[in-house]
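These are the residues of each chain, in order.
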Amino acid sequence: MACLRLFGPAREEAGVGRAEIPGGTAGAVLDAAMARFGPDFAAIAATSRIWVNGTVADRSAPVGADDEVAVLPPVSGG
């Protein structure tokens, strides 16, 4: 299972900053996380950037058992 790391609103909505999630691609990991953490988390994840092992990735990026998938929601401020 990949290690899913969550930041900002994604972390707040999921109630955890880190979780072990199964999946062979970044998209599969995100889909499993959305199913686990619910629709409000899914709405945040849908607009977030995905990183795999510290590199920007897309949903098709392969993920292994020792990989880290990070969800970084958009940031706004002023």
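Presented here is a report on the structure given in the accompanying data block. (Residues numbered from 1 in each chain as written. Predicted model: local features only at pLDDT ≥ 70, side-chain atom pairs only at ≥ 80, totals over all residues. Heavy atoms only, no water.)

1. Remarks on the side chain of Ser 48
Next up, step 1: Along the polypeptide, Ser 48 turns up in the loop between α3 (39–46) and β3 (49–52).
Next up, step 2: For Ser 48, a relative accessible area of 12% puts it in the buried group.
Next up, step 3: A polar contact of 2.7 Å, which involves the side chain of Ser 48, links it to the backbone oxygen of Ile 44.
Next up, step 4: When sequence neighbours within four positions are dropped, the list of residues in contact with Ser 48 reads Val 71, Leu 72, Pro 73 and Pro 74. (Helix = DSSP H or I, 4+ residues; strand = E, 2+ residues; numbered from the N terminus. Buried < 20%, exposed > 50% of the residue type's maximum accessible area, 1.4 Å probe, protein only. Polar contact = N/O pair within 3.5 Å; in protein donor to acceptor, adjacent residues only side chain to side chain. Contact = heavy atoms within 4.5 Å.)

2. Looking at the sheet that holds strand β5 (residues 68–72)
Next up, step 1: The sheet built from five strands is open, its strands ordered β2-β1-β5-β3-β4 with mixed pairing. Looking at the sheet topology across the chains shown, the edges are occupied by β2 (18–21) and β4 (55–57). Geometrically, the sheet is characterised by an average inter-axis angle of 30° between neighbouring strands, direction not taken into account.
Next up, step 2: One ladder, built from four bridges, connects strand β1 (residues 2–6) with β5; its direction is parallel. If you follow Arg 5 over to β5, its bridge partner there is Ala 70.
Next up, step 3: Against the sheet, helix α2 (residues 26–37) makes contact with β1, β2, β3 and β5, and its axis sits at roughly 115° relative to β2, the strand it touches most. (Pairing = 2+ DSSP bridges. Axes fitted to C-alpha atoms, helices over the stretch in contact; angles between N-to-C directions.)

3. Brief notes about the pattern of salt bridges
Next up, step 1: Per the stated rule, a full pass over the model turns up two salt bridges.
Next up, step 2: A salt bridge links Glu 68 to Arg 5; the nearest nitrogen and oxygen atoms lie 3.6 Å apart. Residue Glu 68 is located in strand β5, and its partner Arg 5 is located in strand β1; the two are separated by 63 residues in the primary sequence.
Next up, step 3: Relative accessible area serves as the criterion here: at 27%, Glu 68 is assigned to the partly exposed category.
Next up, step 4: Linking Asp 31 and Arg 59 is a salt bridge whose minimum nitrogen-to-oxygen distance equals 2.6 Å. Of the two residues, Asp 31 is situated in helix α2 and Arg 59 in the loop between β4 and β5; the sequence distance between them amounts to 28 residues.
Next up, step 5: Taking the relative accessible area as the measure of exposure, Asp 31 reaches 39% and is therefore partly exposed. (Salt bridge = Lys/Arg side-chain N within 4 Å of Asp/Glu carboxyl O.)

4. Quick look at the packing of α2 against α3
Next up, step 1: Where α2 contacts α3, the axes come no closer than 6 Å and their chain directions differ by 150°. For the pair α2 and α3, the crossing hand works out as right-handed. Along the contact surface, α2 presents Ala 33, Met 34 and Phe 37, while α3 presents Phe 41, Ala 42, Ala 45 and Ala 46.
Next up, step 2: Along the lines of polarity and charge, the residues of the contact of α2 with α3 split into seven nonpolar, no polar and no charged. (Left-handed = near helix turned anticlockwise from the far one by under 90°. Nonpolar A, V, L, I, M, F, W, Y, C, P; charged D, E, K, R; others polar.)

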